Amino acid sequence: MIEKKIFNDTATAFKLKSDLELNRALLLFNVMGVPSLIKPGIFLTKFSLKAKLPIQPLIKNTIFDQFCAGTSKEDCKPVIKEMHQVNLSSILDYSVEGKKTEKEFDSAFHIKKDLIQFAREETEIPFAIFKPTALGSFEIWHKLSSHINLNDSEKEEWKKTKARVENLCKEAYKHGVRLYADAEESWMQDAADDLMEEMMEKYNTEKALIFNTFQCYRWDRLDYLKELHSRAKEKGFKIGAKIVRGAYMEKENKRAKKYGKKSPICENKKATDLHFNNVLAYCLDNIEDIAVFIGTHNEVSNYLALQIMEDQGIAKDDPRVWFSQLYGMSDQISYNLANKNYNTAKLVPFGPVKDVVPYLLRRAEENSSVEGQTNRELNLLRREKKRRKMASEASKNDVRKQA
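Residues numbered from 1 in each chain as written. Predicted model: local features only at pLDDT ≥ 70, side-chain atom pairs only at ≥ 80, totals over all residues. Heavy atoms only, no water.

For the rest of this paragraph, the subject is empty space enclosed by the protein. Rolled over the atoms, a probe sized like a water molecule indicates the empty space that remains. Within the structure shown, the criterion is met by 1 cavity of 30 Å³ or more. Within this model, the largest cavity holds a volume of roughly 30 Å³. Split into classes, the residues belonging to the lining of the largest cavity amount to 4 nonpolar, 3 polar and 3 charged. (1 Å grid on protein atoms, 1.4 Å probe; cavity = no way out; pocket = protein on both sides within 12 Å on 5 of 7 lines; lining within 4 Å. Points joined across faces, edges and corners; volume = space filled by probe spheres on them. Nonpolar A, V, L, I, M, F, W, Y, C, P; charged D, E, K, R; others polar.)

The following block contains the structure:
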């Protein structure tokens, strides 16, 4: 049977955190635990950066250092090496968002290609990652998803976008590196799904190297996965499925209301959890056809995955199953799974401080809105601080007795 208190081991979870880092995390999660502070904080941060006020050092020493490993991939190396010493892998993510020009898309492509090469060279990095709208404009993805005809210049733009995606997949395949595409808003996602299915059909004939992301707060994802599975069996390719709950809930619901459409999002958290767990079970039940990357901070879903793996006789280190959480969050899951020899990786963001701010603000907003997430983080951090204090006092008493 699966050990039911595996995620309560704070000594393992925070083994690599210094007392200073532990206190910083406590401060940040305390702030994020007060939702009324988040929106004003986000506004002030954006205003200060736009006004070119000198707040970047403050950002760097607080929220940036909590959720990012550095400003460059070289900066990240010490963190990557340190985590790998405790069996925890890393996935480097150049977390710069909101770019719009062809020059910026080309730059992002070369950075992602370089990260595939980096993953090939570094055994600590099992996956590379890209965001579709980092390689081509959101408008193009949206028009294709909405079946809107492109004009000649847009057709040329799409041709370049598609070439960037295919070249990344080709590079990953050539070097045997797993590569996944992040999911984004539902109104651009159909085009991304179609293209990633095309890439899987082309490059996943023997094993899953190319992965697409399934946002399971969308109520249609299990049906879509089943349909994709049917096509994959017919055409003879493996599915790479990164499964997450999702990151654009408020935006999705607001847009659906604006246009008088049914929301693509499950009606509540309970329905989302059930849907995620059903997608998870479907993937593990079909492990011969579907490699699964389980990206969740939900402890119940992780326990479910462990139980299904045990029931199905899937080895802890089966290369078709990976667990992952974000750097700076849910260390009780990541480090304890790694300690039990499950394939586990942290998504490790990096990039220039100013350019990474949109990612950081989203992390703060999500932590404040996800029910129970911040409280769980805080309780575990406090428990670890208390454990260290008691261990220190016990050590001092032992020294006195020996003296």
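Past the structure itself, the notes keep going.
This part is about a nonpolar patch on the surface. Among the surface-exposed residues, Leu27, Val31, Val34 and Leu37 lie close enough to one another that they form a single nonpolar patch of about 330 Å² accessible area. Since its relative accessible area comes to 46%, Leu37 is described here as partly exposed. (Patch = residues over 30% accessible without salt bridge, like charges linked within 9 Å, V, L, I, M, F, W, Y side chains within 5 Å. Areas by Shrake-Rupley, 256 points an atom, 1.4 Å probe, with all protein chains shown as cover. Salt bridge = Lys/Arg side-chain N within 4 Å of Asp/Glu carboxyl O. Buried < 20%, exposed > 50% of the residue type's maximum accessible area, 1.4 Å probe, protein only.)

A few words on helix 4 (residues 56-67). The set of residues buried in helix 4 consists of Ile59, Ile63, Phe64, Gln66 and Phe67. The buried residues of helix 4 occupy an angular sector of 150 degrees when projected down its axis, which confines them to one face. (Helix = DSSP H or I, 4+ residues; strand = E, 2+ residues; numbered from the N terminus. Arc of directions from axis to C-beta.)

Within the largest apolar cluster, 78 residues are counted, with the highest numbers of intra-cluster contacts made by Ile243 and Leu284. With 40 residues, the next largest nonpolar core counts Ile38, Ile91, Phe211 and Leu381 among its residues. (Core = buried A, V, L, I, M, F, W, Y, C linked by side-chain atoms within 4.5 Å.)

As a further point, take the environment of Lys81. Looking at the secondary structure, you find Lys81 in helix 5 (residues 73-84). Separated by 44 residues in the primary sequence, Lys81 and Ile125 have C-alpha atoms spaced 10.0 Å apart. Among residues more than four places away in sequence, those in contact with Lys81 are Glu122 and Glu124. (Contact = heavy atoms within 4.5 Å.)

Considering only enclosed or pocket space, the second largest pocket measures out at about 540 Å³ in volume. Every element with two or more residues in the lining of the second largest pocket is listed here: helix 2 (19-32), helix 3 (35-50), helix 4 and helix 16 (353-369). Residue contributions to the lining of the second largest pocket peak at 8 residues, all from helix 3.

In this section: the packing of helix 14 (residues 299-312) against helix 15 (residues 331-339). The interhelical angle for the contact between helix 14 and helix 15, taken along N-to-C directions, is 20 degrees, at an axis separation of 11 Å. Relative to helix 15, the element helix 14 is oriented roughly parallel. As helix 14 packs across helix 15, the resulting crossing turns out to be right-handed. The segment helix 14 lies against helix 15, with Glu299, Asn302 and Leu306 engaging Gln332, Ile333 and Leu337. (Axes fitted to C-alpha atoms, helices over the stretch in contact; angles between N-to-C directions. Parallel < 35°, antiparallel > 145°, perpendicular 65-115°, else oblique. Left-handed = near helix turned anticlockwise from the far one by under 90°.)

This brings us to the pairing of strand 6 (residues 290-295). Taking burial as the measure, the 6 residues of strand 6 include 6 buried ones, the bulk of the element. Sheet topology note: the strand 6/strand 7 (residues 321-326) ladder contains 4 bridges and is parallel. Its bridge partner lying in strand 7, Ile294 is registered against Phe323. Crossover strand 6 to strand 7 through helix 14 is right-handed. (Pairing = 2+ DSSP bridges. Right-handed = clockwise from strand over helix to strand, strands pointing away.)

A few words now on the side chain of Lys242. Relative to the helices and strands, Lys242 is located in strand 5 (residues 239-244). In this structure, Lys242 is in contact with Tyr180, Asp182, Phe211, Asn212, Thr213, Phe214 and Phe293, ignoring residues within four places of it in sequence.

Put simply, helix 11 (residues 221-235) and helix 13 (residues 269-285) touch, their axes get as near as 9 Å, and they point 15 degrees apart. Comparing the axis directions of helix 11 and helix 13 gives the class roughly parallel. Here helix 11 runs over helix 13; the crossing is right-handed. Residue-level contacts link Arg221, Leu222, Leu225, Lys226 and His229 of helix 11 to His275, Asn278, Val279, Tyr282 and Cys283 of helix 13. Of the residues belonging to the contact of helix 11 with helix 13, the class tally is 5 nonpolar, 3 polar and 2 charged.

In any sheet, the strands associate via hydrogen bonds between backbone groups, in a parallel or an antiparallel arrangement. Spatially, 1-8-7-6-5-4-3-2 is the arrangement adopted by the 8 strands of the open sheet, whose pairing is parallel. Edge positions in the sheet fall to strand 1 (89-94) and strand 2 (127-130), since each has one partner strand and no second. Strand-to-strand twist of the sheet, defined as the mean angle between neighbouring strand axes without regard to direction, takes the value 30 degrees. Along the sheet, helix 10 (residues 186-203) makes contact with strand 2, strand 3 (178-181), strand 4 (210-215) and strand 5, crossing strand 4 at roughly 150 degrees. Sheet strands in contact with helix 11 are strand 4, strand 5 and strand 6, and its direction is about 155 degrees off that of strand 4.

Our focus in this paragraph is the pattern of salt bridges. The tally for this structure, following the rule as stated, stands at 30 salt bridges. Salt-bridge contacts for Lys81 lead to Glu124; the nearest nitrogen and oxygen are separated by 2.9 Å. With Lys81 in helix 5 and Glu124 in the loop between helix 6 (102-121) and strand 2, this pair connects stretches of sequence that are 43 residues apart. Note that Lys112 and Asp93 form a salt bridge whose closest N and O atoms lie 3.6 Å from each other. One end of the pair, Lys112, is in helix 6; the other, Asp93, is in strand 1, and 19 residues separate them in sequence. Residue Lys112 is classed as buried on the basis of its relative accessible area of 5%.

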